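# Commentary on secondary and tertiary structure
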Amino acid sequence: MAALGWLTPRRRSATARSVLAGEASAEAARKTALADELPDGTDFPGTAEAERAAEAEPQAPQEPAEADEAAEPAEPEFPVAGDDLAAAFFDLDNTVMQGAAIFHFGRGLYKREFFRRRELARFAWQQAWFRLAGVEDPEHMQDARDSALSIVKGHKVSELMSIGEEIYDEYMAERIWPGTRALAQAHLDAGQKVWLVTAAPVETATIIARRLGLTGALGTVAESVDGVYTGRLVGEPLHGPAKAEAVRALAAAEGLDLARCAAYSDSHNDIPMLSLVGHPYAINPDTKLRKHAHSNDWRLRDYRTGRKAVKIGVPAAAGVGAIAGGTAAAIALHRRRK
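These notes cover the structure that comes with them.

Calculation rules
- Residues numbered from 1 in each chain as written.
- Predicted model: local features only at pLDDT ≥ 70, side-chain atom pairs only at ≥ 80, totals over all residues.
- Heavy atoms only, no water.
- Axes fitted to C-alpha atoms, helices over the stretch in contact; angles between N-to-C directions.
- Helix = DSSP H or I, 4+ residues; strand = E, 2+ residues; numbered from the N terminus.
- Parallel < 35°, antiparallel > 145°, perpendicular 65-115°, else oblique.
- Contact = heavy atoms within 4.5 Å.
- Nonpolar A, V, L, I, M, F, W, Y, C, P; charged D, E, K, R; others polar.
- Core = buried A, V, L, I, M, F, W, Y, C linked by side-chain atoms within 4.5 Å.
- Buried < 20%, exposed > 50% of the residue type's maximum accessible area, 1.4 Å probe, protein only.
- Phe/Tyr/Trp six-rings, centres within 6.5 Å; stacked < 30°, edge-to-face > 60°.
- Pairing = 2+ DSSP bridges.
- Bend = angle between axes of the 7 residues up to and from the residue.
- Left-handed = near helix turned anticlockwise from the far one by under 90°.
- Expected span 1.5 Å × (residues − 1).

Axis separation between helix α5 (residues 101–111) and helix α8 (residues 157–172) bottoms out at 9 Å; the angle between their running directions is 110 degrees. What the angle tells us is that α5 and α8 run roughly perpendicular. Of the residues in α8, those touching α5 at Ala 101, His 104, Phe 105, Arg 107, Gly 108, Leu 109 and Lys 111 are Leu 160, Ile 163, Gly 164, Ile 167, Glu 170, Tyr 171 and Met 172. Counted by class, the contact of α5 with α8 contains 8 nonpolar, 3 polar and 3 charged residues.

Turning our eyes to something else, we now look at the nonpolar core. Where a protein is soluble and globular, its nonpolar side chains tend to be buried together. The biggest cluster of nonpolar side chains holds 43 residues, and the ones touching the most others in it are Phe 90, Leu 109, Met 172, Leu 196, Ile 208 and Tyr 264. Broken down by element, the residue count for this core peaks at 8 residues, all from α8. Leaving out residues up to four positions away in the same chain, Leu 196 has contacts with Phe 90, Leu 92, Val 96, Ala 205, Ile 208, Ala 209, Leu 214, Gly 216, Ala 217 and Leu 218. Listed in part, the 30 residues of the second largest apolar core include Ala 26, Leu 218, Val 247 and Leu 274.

We now examine the packing of aromatic side chains. Going through the model one piece at a time under the given rule, you end up with 3 aromatic pairs. An angle of 5 degrees between the planes, with centres 4.1 Å apart, marks the rings of Phe 90 and Tyr 264 as stacked. Here Tyr 264 lies in strand β6 (residues 262–265) and Phe 90 lies in strand β1 (residues 87–91), a separation of 174 residues in the sequence. Here Phe 90 and Tyr 264 have matching classes, each one buried.

Time to look at the pairing of β1. Burial analysis of β1 places 5 of its 5 residues in the buried class, which makes it a mostly covered element. Residues Ala 87, Phe 89 and Asp 91 of β1 are buried on one face, and the alternating residues Ala 88 and Phe 90, pointing to the opposite face, are buried as well. Where β1 and strand β2 (residues 193–201) come together, 5 bridges link them in parallel fashion. Across the sheet, the residue bridging to Phe 90 is Leu 196, located in β2. Note that β1 and β6 share 3 bridges and pair parallel. Residue pairing in the sheet places Phe 89 in a bridge with Ala 263 of β6.

Residue placement: His 292 occurs in helix α13 (residues 287–295). In sequence terms His 292 and Ala 282 are 10 residues apart; their C-alpha atoms lie 9.3 Å from each other. Dropping the residues within four chain positions of it, His 292 is found in contact with Ile 271 and Trp 298.

Before going further, it helps to examine α8. The periodicity of an α-helix, 3.6 residues per turn, causes residues three or four positions apart to be oriented the same way. Along its length, α8 shows its largest kink, about 25 degrees, at Glu 166. What α8 keeps buried is the set Val 157, Leu 160, Met 161, Ile 163, Gly 164, Ile 167, Tyr 168, Tyr 171 and Met 172.

Let us now look at the packing of helix α2 (residues 16–36) against helix α11 (residues 241–254). A pair of packed helices can be characterised by two numbers: the angle between their axes and the separation between those axes. Relative to each other, α2 and α11 sit at 45 degrees, their axes nearing to 7 Å. Comparing the axis directions of α2 and α11 gives the class oblique. When you trace α2 past α11, the crossing you get is right-handed. When α2 is examined against α11, the residues Ser 18, Val 19, Ala 21, Gly 22, Glu 23, Ser 25, Ala 26 and Arg 30 are found in contact with a partner set consisting of Ala 242, Glu 245, Ala 246, Ala 249, Leu 250, Ala 253 and Glu 254.

Next up on the list: helix α9 (residues 178–189). With 12 residues, α9 should cover 16 Å at 1.5 Å per step; its first-to-last C-alpha distance of 16 Å lies within 8% of that length. Three or more residues of α9 are buried, namely Gly 179, Thr 180, Arg 181, Leu 183, Ala 184, Gln 185 and His 187. Note on α9: the residue one or two positions beyond its end, Gly 191, has a positive phi of about 85 degrees.

So this is what it looks like as structure tokens:
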């Protein structure tokens, strides 16, 4: 009967655990960002690399404007250069990067024999069911979290960070959306800080942020003692209301004016975060977010190809395809090793 619960949508509001998760993520993000600052006051590591990449990348092609977007009046210059009370918050999966970061990270760990094929298949099924059902049942999510946490339990944080750098190069670097990357760069060029906000582990998110030359990342915080993962989370995954709490906590610590900040996401699950800021953007939006954005006059950007695919909900279809393809590739690799 538990499986039937996965098909029942449940509205979630902020809880004590989501507040704890948000505050822990904000604290971790600030500490990491401060540690990344170089002694001579130059940019964060990876900024030069990101700038070179941005110069080399062609600007995202302008897609034919949809009727509702064509009717919108011209907006004032944004982001506002020199506005240090503003910052930008970007969701990661399907907003900045095609696919789910945690899945690509899992593929990399499987390649390095962190877990067996049976565990990979279970993880892939959990992710595929989530995408197909289109809902996020707490019990189902808890099962998926337990699976992931059991994989890293007992490993050193430094070990996973080092491996994460390799996995980024193997699976993630070529999946960054140029259009979204350009939006982030616009905020950086305006002198504003840019943060990733994701349910992926904060270590994984931090690696991606560094590689893109962003300020830092808010992500799910896994508990560690003496640099070793315990297999428990601090609070809960940084998802839905927890993301909003993380942004709220970081803004308070950084002295930001949320009314002058921007947030970008593809998912209706991030409406709490998007609603916090004065400049919400729906990027590659799912059906529910697209509808909500239209109703609230939020800006939309779509960097996916194929207008028909967009209308039927590419995030879900692409997510299942990536999972199926990744699982098949990992199983094939396993067989070749035998």
